[in-house]
Amino acid sequence: MQIGIDKIGLFTPNTYLDLVMLANARGVDPDKYTIGIGQDQMAIAPLSQDSVTMAANAAREVLDDDNRDSIGLLILGTESGIDQSKAGALYVQRLLGLKNARAFEIKEACYGATAGLMTAYDFVTAHPNQKALVIGSDIARYGLDTPGEVTQGAGAVAMIVSAAPHLLALEPATAIHSDDIQDFWRPNYSKEAFARGKYSTEQYIEFFQATWADYRAQTGRTISDFKALTFHLPYTKMGLKALRTILPEATEAEQAQLLDRYQESTLYSRQIGNIYTGALYLGFLSLLEHSTQLVAGDRIGLFSYGSGAISEFFTGILQPSFEKQLAGADHKAMLAARRQLTMPEYENQFQAELPEDGSEYEIDLAMDNAPVILKGVKEHERNYQVRI
Ligand code: HMG
């Protein structure tokens, strides 16, 4: 029995910052951001979008009358959780009109959605008549005028995991590498992440090399067995650095193809930024929605990295009807319809906060046209609404 990703959906807020503008404001050469880091724009979430609303907005795209009643598992991977106790997945379940799913939240930095996907794989293996909804939803924040500022972003990716999937059948072999390291973390009292920037990039590459070596040893496969390799993308130069370490294993023609596929996998990230848990799947979706070279039967590699840190390299085979599962035109239209923020608007939006003292607050919703929104807070409770 084959199990894997049947459908995949994307949501990102409707405002963004141009990174040439950011570079100019910070006194940095714009080439550092657009070439050195490899980012052009980053999505900025308004107060009316949090990890719950973005998750629900992304998931609306993948739910339909055929799968809605068979969702037995709902996992939200996030590191932008809104509560220390209650799972964001339960709000998402209600906002989607789902019932009685095993609904919970997973945290392990950017690995959270992959933990969800692997759990879903096991769940569907045990319950082939049921499906799982796995969502990665995050707002990446490092702070104004910090080295990490250019690698922020916001968005969510939602996946239906099922038996006989129409998009990508996951293969059983996976390689995992994990260790307790301090490359990136966010203590409970902080709204922004702390990152040991250079160290984190070195660890990312070392963890990639460890899982790649393990995968090769386990399976006997080589780089020639892959039509594309996709990566967790905190910024688009990062995956390229990892890819380059193994490219010499390929022929010149294969190297050119893998680099072309890599560029296709970075196009959404270049405009959205780091979305933490969803970032790998954003790259995977970008590849499928921009490449004209992939055909059913192609093997795709996926490298997941979550700081702290854990990495997993796993693979899947594109299914015969995979193109029909995509909505590239809609996603490109969503990005094209976004509004560019000015620097003061960005800084105000970044600093805007919900009250933490229980006082009532209504969010100005004029600029947010998303179907699922956060309207405000009252007595420490978030008030969500589905408007369409
Ligand atoms: P930085 O120190 O400002 O940048 O921070 P830099 O000095 O290292 O320069 C970056 C690149 O730009 C370099 O290229 C420069 O040469 C180049 P590289 O050597 O890397 O190939 N450059 C230029 N290129 C063209 N024209 C120029 C120019 N000037 C310089 N004029 C850093 C960069 C990524 C460290 C910072 O943004 C940061 O700390 N980001 C946050 C941490 C991060 O994203 N780490 C990635 C690995 S960890 C991870 O992926 C997990 C994560 O997603 C979290 C989770 O798991 O939850 C973060």
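In this text, all values refer to a predicted model and were calculated from it rather than measured experimentally. (Residues numbered from 1 in each chain as written. Predicted model: local features only at pLDDT ≥ 70, side-chain atom pairs only at ≥ 80, totals over all residues. Heavy atoms only, no water.)

Structural notes on the sheet that holds strand 17 (residues 372–378)
Note: strands within a sheet are paired through backbone hydrogen bonds, in either parallel or antiparallel orientation. With antiparallel pairing, three strands are arranged side by side in an open sheet as 16-17-18. Because the sheet does not close on itself, it has two edges, and the strands there are strand 16 (361–362) and strand 18 (381–386). The strands touched by helix 3 (residues 51–60) within the sheet are strand 17 and strand 18, with strand 17 carrying the most contacts at an inclination of about 155°. Along the sheet, helix 4 (residues 88–95) contacts strand 17 and strand 18; its crossing angle with strand 18, the most-contacted strand, is approximately 30°. (Pairing = 2+ DSSP bridges. Helix = DSSP H or I, 4+ residues; strand = E, 2+ residues; numbered from the N terminus. Contact = heavy atoms within 4.5 Å. Axes fitted to C-alpha atoms, helices over the stretch in contact; angles between N-to-C directions.)

Details of the pairing of strand 17
Most of strand 17 is tucked away, with five of its seven residues classed as buried. By the bridge criterion, two bridges tie strand 16 to strand 17 in an arrangement that is antiparallel. The residue bridging Y361 from the neighbouring strand is V377, located in strand 17. Judged from the six bridges that link them, strand 17 and strand 18 form a sheet pairing that is antiparallel. Its bridge partner being in strand 18, L374 is matched across the sheet by Y384. The loop that links strand 17 with its antiparallel partner strand 18 comprises two residues; one of these, E379, has a positive phi angle of about 50°. (Buried < 20%, exposed > 50% of the residue type's maximum accessible area, 1.4 Å probe, protein only.)

Structural notes on the site of the ligand
Contacts to the ligand come from 29 residues, most closely from K32, E79, C110, K237 and K241. In this structure, P147 approaches the ligand through a main-chain N or O atom, which is 2.8 Å from an oxygen atom. In this structure, an oxygen atom belonging to the ligand sits 2.3 Å away from a side-chain N or O atom of K241. Protein chains bury 75% of the 1,100 Å² of accessible surface belonging to the ligand in isolation. (Near = heavy atom within 4 Å. Polar contact = N/O pair within 3.5 Å; in protein donor to acceptor, adjacent residues only side chain to side chain. Areas by Shrake-Rupley, 256 points an atom, 1.4 Å probe, with all protein chains shown as cover.)

Let's talk about the packing of helix 3 against helix 4
Two numbers describe how helix 3 lies on helix 4: the axes approach to 9 Å, and their chain directions differ by 45°. Taken together, the axis directions place helix 3 and helix 4 in an arrangement best described as oblique. Here helix 3 runs over helix 4; the crossing is right-handed. Contacts from V52, A55 and A56 in helix 3 reach G88, Y91, V92 and L95 in helix 4. Along the lines of polarity and charge, the residues of the contact of helix 3 with helix 4 split into six nonpolar, one polar and no charged. (Parallel < 35°, antiparallel > 145°, perpendicular 65-115°, else oblique. Left-handed = near helix turned anticlockwise from the far one by under 90°. Nonpolar A, V, L, I, M, F, W, Y, C, P; charged D, E, K, R; others polar.)

Remarks on the nonpolar core
Formed by 84 residues in total, the largest nonpolar core has its most connected members in I8, L74, L133, I135, Y281 and F284. For this core, the two domains that each supply at least three residues are domain 1 (3–169 + 326–386) and domain 2 (171–320). Setting aside residues up to four positions removed in sequence, Y281 forms contacts with I8, A113, T114, L117, V157, M159, L302 and F314. I181, F231, L240 and L258 belong to the second largest nonpolar core, which has 41 residues in total. (Core = buried A, V, L, I, M, F, W, Y, C linked by side-chain atoms within 4.5 Å. Domains from an automatic or database assignment.)

Here's the deal with the packing of aromatic side chains
Centre distance and the angle of the planes are the two values used to describe a pair of aromatic rings. Evaluation of the coordinates by the stated rule reveals 20 aromatic pairs. Geometrically, the ring pair formed by F184 and Y276 is edge-to-face, given 5.6 Å between the ring centres and 75° between the ring planes. Of this pair, F184 sits in strand 10 (residues 184–185) while Y276 sits in the loop between helix 9 (267–272) and helix 10 (279–290), and the two are 92 residues apart along the sequence. For Y276, a relative accessible area of 4% corresponds to the buried category. Between F208 and F303, the ring centres sit 5.0 Å apart and the planes meet at 75°, which makes this aromatic pair edge-to-face. Highlighted residues: F208 in helix 6 (residues 197–219) and F303 in strand 13 (residues 299–306), separated in sequence by 95 residues. Taken together, the ring pairs connect Y204, F207, F208, W212, Y215, F226, F231, Y262, F303, Y305 and F313 into an aromatic cluster. Above the ring of Y91, the side-chain terminus of K86 is found at 4.0 Å from the ring centroid. (Phe/Tyr/Trp six-rings, centres within 6.5 Å; stacked < 30°, edge-to-face > 60°. Lys NZ or Arg CZ within 6 Å of the ring centre and 35° of its normal.)

A word on helix 7 (residues 236–246)
Among the residues of helix 7, T236, M238, G239, L240, A242, L243 and I246 are the ones counted as buried. Buried positions along helix 7 lie against helix 2 (30–37), helix 6, strand 12 (228–231), helix 8 (252–265) and helix 9.

Points about the packing of helix 8 against helix 10
Put simply, helix 8 and helix 10 touch, their axes get as near as 7 Å, and they point 110° apart. Between helix 8 and helix 10, the interaxial angle falls into the category roughly perpendicular. Facing helix 8, whose interface residues are R261, E264 and S265, helix 10 presents G283, S286, L287 and H290. Looking at the contact of helix 8 with helix 10 residue by residue, the class counts come to one nonpolar, four polar and two charged.

Some points on the domain arrangement of the chain
Each domain of the chain was delimited in the assignment, giving domain 1 (3–169 + 326–386) and domain 2 (171–320). Using only C-alpha atoms to locate each centre, domain 1 and domain 2 end up separated by 20 Å. In this assembly, domain 1 packs against domain 2 so that about 4,300 Å² is buried in total across both faces, 57% of it on carbon and sulfur atoms. Scanning the region where domain 1 abuts domain 2 turns up three salt bridges. Taking the shortest distance from any N to any O, the salt bridge between E356 and K191 comes out at 2.7 Å. The interface formed by domain 1 and domain 2 holds 28 residue pairs in polar contact (both at pLDDT 80 or more) in total. Put simply, the parts of the chain that give the side of domain 1 that touches domain 2 at least two residues each are strand 1 (3–11), helix 2, strand 3 (41–43), helix 5 (112–126), strand 6 (131–140), strand 7 (153–163), strand 8 (168–170) and helix 11 (328–336). (Buried area = accessible area lost by both parts, 1.4 Å probe. Salt bridge = Lys/Arg side-chain N within 4 Å of Asp/Glu carboxyl O.)

Looking at the sheet that holds strand 2 (residues 15–18)
Strand order in this open sheet of three strands is 3-2-15, and the pairing throughout is mixed. Both outer strands of the open sheet, strand 3 and strand 15 (339–340), are each paired with one neighbouring strand and no more. As defined by bridge partners, strand 2 adjoins strand 15 across two bridges and the pair is classed as parallel. Paired with Y16 across the bridge in strand 15 is Q340. Along the sheet face, helix 1 (residues 19–26) touches strand 2, strand 3 and strand 15 and points at about 55° away from the line of strand 2.

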